[in-house]
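# Structural overview
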Amino acid sequence: MENTQAGTERSWIELKIENLKHNVKVLTEAMPPACELMAVVKAEAYGHGACRIATILNEMGIKAFAVATIEEGIQLRKNGIRGEVLILGYTSVKRASDLEKYDLIQTLIDFDYAKALNSQNFALKVHIKIDTGMHRLGFPCKEVMAVKKVFEMKHLKIGGIYTHLCCADSLQADDMAFTGRQIDRFYQLLDTLKKEKIKIPKVHIQSSYGLLNYPDLTCHYVRAGIALYGVLSAPNDETNLKLDLRPVLSLKSRVVSIRRVKKGDSVGYGRDFVAERDSRIAIVPIGYGDGFPRNLSNGNGRAAVNGHIVPIVGRICMDQLSIDITDVQGVSTGNIVTLIGAEECDDLSASAVAYRSGSISNELLCRMGARLPVIILRR
Ligand SMILES: *Cc1c(COP(=O)(O)O)cnc(C)c1O
């Protein structure tokens, strides 16, 4: 089936919105009834386009979003996104006026930060982050009294308290024990706060794997990123909950030129690929400048053309790559080449492609999108 839509002349990202909607439904159904989905749309919604995705989710009734930076939050507001927008990462306290102006919720990453933010004299919405073992951001869980003091800070309105699990994706016994301890420490801190007569705000712990592996936690939010986009981080991840998640994104390009190379001829920079037989090579106009990983060069990567999986040969360039189509009949210029697309082939799922490039689907997806047009398939 040839796509003749504008934007599909060179290389493009294709989004199946019905799969996004399906994933929202499946995830929501897997959560306890009172729990809300907080859609994580940082890094351009993992390469899917933050405003586009958030707008669709807003229309579906999703009212909570998470981003990594204040600029990402402002971008959502400027595009009319309503509801809560939580900044998960650091924001300079010099931006306090923008936090207030755009009605963004800032994460308090430690006590000194909380004090500095409070002293800016803006009425700010915040969530307190607790470090239960990841040792990245958050108040160490032993510092209950520091957390208590934050509830007394005049300019900070505390709407939530949360932690982040650092090995919730693993079902190995020691990792599960560690996660169990993280969860216990978090609830112990909440208990101590209660004893100190603190009214506990909204609570959240789980990201995608937190939900998939610890579905029995009863929090106010699940912060779902990767699962929302319908993929797991790695191809063979086992999870306790097995949800029918469907990938939203495909990455496609087209054959723009076909050339015959003789046995012994090389293809591409560095002459890394030398044909072992007379070959047909198709040139595909996508490269690492589009976000496609360069370490899928030299046979590490694959692509689908005319229903066949073929190897990427030679070095991937900034703007193009080569595939060996010697064994596939009937390929002509203009034919579509799929580089990521689980629906055509498991081997081309984002997690499988990411795995071959030595990474996880989260990174693979979020690095795309600077140059590629996005085609929306509504159905
Ligand atoms: C990115 C992020 C998430 C989302 O993680 P996924 O694994 O993609 O669901 C949740 N919480 C925090 C704190 C994050 O930084």
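Structure: above.
The structure reproduced in this document is the subject of the present report. Quick caveat, the model's predicted, so the values are computed rather than measured. Each chain has its residues counted from 1, following the order in which its sequence is written. Totals for whole chains, interfaces and linings use every residue, but because this is a predicted model, local features are given only for residues with pLDDT of at least 70 and side-chain atom pairs only at 80 or more, for both listing and counting. As a rule here, side-chain values cover all heavy atoms of the structure and leave hydrogens and water aside.

### Things to note about empty space enclosed by the protein
Put simply, the grid is 1 Å and covers the protein atoms alone, a cavity is a trapped set of points that fit a 1.4 Å probe, a pocket is an open set with protein on both sides within 12 Å along at least five of seven lines, and lining residues have an atom within 4 Å of a point. Grid points are joined across faces, edges and corners, and a volume is the space filled by probe spheres set on the points. Throughout the structure, instances matching the rule amount to one cavity of 30 Å³ or more. Around the largest cavity sit Lys129, Ile130, Asp131, Met134, Arg136, Leu137, Thr163 and His164, which together line it. Only runs of H or I of at least four residues qualify as helices and only runs of E of at least two qualify as strands under DSSP, and these elements are numbered from the N terminus. Among the elements that make up the lining of the largest cavity, the one with the highest residue count is strand β6 (residues 124–131) (three residues). The nonpolar class holds Ala, Val, Leu, Ile, Met, Phe, Trp, Tyr, Cys and Pro. Asp, Glu, Lys and Arg form the charged class, and all remaining residues, Gly among them, are polar. Among the residues forming the lining of the largest cavity, the class breakdown is three nonpolar, two polar and three charged.

### Considering the pairing of strand β19 (residues 336–340)
Remember that side chains alternate between the two faces of the sheet whenever the strand is regular. Of all five residues in β19, five are buried, a share of seventy percent or more. Whether two strands pair comes down to DSSP finding at least two bridges between them. The pairing of strand β16 (residues 302–305) with β19 spans two bridges and is classified as antiparallel. When the sheet's bridge partners are listed, Ala304 is paired in β19 with Thr338. Here's how the labels work: a residue is buried when its accessible area is under 20% of the maximum for its type, exposed when over 50%, partly exposed in between, all with a 1.4 Å probe on protein chains only.

### Quick word on the sheet that holds strand β15 (residues 279–284)
On the basis of which strands lie adjacent, the open sheet formed by nine strands has the order β12-β15-β18-β17-β16-β19-β11-β1-β20 and mixed pairing. What marks the edges here is a single partner per strand, and that holds for β12 (257–261) and β20 (374–377). Taking each pair of neighbouring strands and ignoring which way they run, the sheet shows an average axis angle of 35°. Of the pairings in the sheet, the one linking β16 to strand β17 (residues 308–313) comprises four bridges and is antiparallel in character. Of the residues in β17, the one forming a bridge with Arg302 is Pro311. The strands touched by helix α1 (residues 17–30) within the sheet are β1 (11–16) and β20, with β1 carrying the most contacts at an inclination of about 40°. Axis definition: a line fit to C-alpha positions, over the contact stretch in the case of helices; interaxial angles, taken between N-to-C directions, run 0 to 180 degrees. Residues count as neighbours in contact if any of their non-hydrogen atoms are within 4.5 Å of one another.

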